[in-house]
Amino acid sequence: MAKVNTQERRRQQAEQTRAAIVSAAAELFAEHGYAGTTIQSIASKAGVVVQTIYNSIGPKNNVLSAVLDQAAAGPEAPRTVPEFMRERTDATRDAAGLIGVLADWFAEAQPRTAEVHRIIHQAAAHDEAIAELEERRSAQRFRNYLQAAQQLATRPGSVALPSEEIAATIWSIGHPQVYRFLTESAGWDLERYRNWVERSLVSALTEPSAS
């Protein structure tokens, strides 16, 4: 029992250390940008040594990826987005209900992740590792939406399309740059954005009778 308690305590300490590093990095990236933030500055702000960051997360590009994970998961962290989103979509009974969950999710997560996506997009123009990160995370979102598409295909009212085309529709409408343009350049508020996402997905991915 003592061994189990020790292992659990170490796991909790490791989670707390990782969370402190990610929180410190998020603040510094937002204030100084990716290039202007060093591993040493993250370590100093988090109250750890540099090697702890490498041991816990990895190099700076991995830290930025972890910042995005934290922002996306929000209060659900350290659970992953696919984990808790699967629970939410499993509770739906028809295509329109599942799409409503997705619209709620975009309205919930986009405000938290917008700044991180901006940092990634700006850094990608000058840093090959971040360009690869941007591409990898974009592909990861598509895979996640493919899972949602496969669920949607089993719901009454879903349009008869290949799962990849459904995922592509979700990926496109829910793209972070679309959110940033509509809410920053076009001046939409969050409610209008959320309702547009839902109407667009319902129109594209449900049968007319279900809409």
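What counts, and where the lines are drawn
- Residues numbered from 1 in each chain as written.
- Predicted model: local features only at pLDDT ≥ 70, side-chain atom pairs only at ≥ 80, totals over all residues.
- Heavy atoms only, no water.
- Helix = DSSP H or I, 4+ residues; strand = E, 2+ residues; numbered from the N terminus.
- Buried < 20%, exposed > 50% of the residue type's maximum accessible area, 1.4 Å probe, protein only.
- Contact = heavy atoms within 4.5 Å.
- Core = buried A, V, L, I, M, F, W, Y, C linked by side-chain atoms within 4.5 Å.
- Expected span 1.5 Å × (residues − 1).
- Axes fitted to C-alpha atoms, helices over the stretch in contact; angles between N-to-C directions.
- Left-handed = near helix turned anticlockwise from the far one by under 90°.
- Nonpolar A, V, L, I, M, F, W, Y, C, P; charged D, E, K, R; others polar.
- Phe/Tyr/Trp six-rings, centres within 6.5 Å; stacked < 30°, edge-to-face > 60°.

A. Fine view of the side chain of Thr-113. Tracing the sequence through the fold places Thr-113 in helix H6 (residues 95–124). We classify Thr-113 as buried; its relative accessible area is 5%. With residues near it in sequence (within four places) discarded, Thr-113 still touches Leu-68, Ala-71 and Ala-72.

B. Representation of the nonpolar core. Core analysis: the biggest nonpolar cluster contains 32 residues, and Ile-170, Leu-201 and Leu-205 have the highest contact counts within it. Sorting the residues of this core by element identifies helix H4 (60–73), helix H5 (81–90), H6, helix H7 (128–152), helix H8 (163–173), helix H9 (176–185) and helix H10 (190–205) as the ones contributing at least two each. No other element matches H6, which puts 10 residues into this core. Aside from chain neighbours lying at most four places away, what touches Leu-201 is Ile-99, Leu-102, Thr-169, Ile-170, Ile-173 and Thr-206.

C. Geometry of H4. Compared with an ideal rise of 1.5 Å per residue, which puts 14 residues at 20 Å, H4 spans 20 Å between its outermost C-alpha atoms and is within 8% of the ideal. Counting buried positions along H4 yields 11 of 14 residues, so the element is predominantly enclosed. Buried within H4 are the following residues: Lys-60, Asn-61, Val-63, Leu-64, Ser-65, Ala-66, Val-67, Leu-68, Ala-71, Ala-72 and Ala-73. Just beyond H4, the residue with positive phi is Gly-74, at close to 55°.

D. Quick peek at the packing of H6 against H10. Close contact between H6 and H10 brings their axes to 9 Å; oriented N to C, the two are set at 145°. Where H6 crosses over H10, the two elements pack in a sense that is right-handed. Counting all contacts with H6, which are made through Ile-99, Gly-100, Leu-102, Ala-103, Asp-104, Phe-106, Ala-107, Gln-110 and Pro-111, the residues of H10 involved are Leu-190, Tyr-193, Arg-194, Val-197, Glu-198, Leu-201, Val-202 and Leu-205. Along the lines of polarity and charge, the residues of the contact of H6 with H10 split into 12 nonpolar, 2 polar and 3 charged.

E. Up close: the environment of Leu-152. Structurally, the position occupied by Leu-152 is in helix H7. C-alpha of Leu-152 to C-alpha of Pro-176: the two residues are 24 residues apart in sequence and 22 Å apart in space. Ignoring sequence-local partners within four residues, the contact set of Leu-152 consists of Ala-95, Leu-98, Ile-99, Ser-158, Ile-166 and Leu-205.

F. How the structure looks around the packing of aromatic side chains. Counted by the stated rule, this structure contains 6 aromatic pairs. Seen from their ring centres, Tyr-193 and Trp-196 are 6.3 Å apart, and the 40° between their planes marks the pair as tilted. Here Trp-196 and Tyr-193 lie together in helix H10, a separation of 3 residues that amounts to about one turn. Clustering of aromatic rings is evident, with ring pairs tying together Tyr-179, Trp-188, Tyr-193 and Trp-196.

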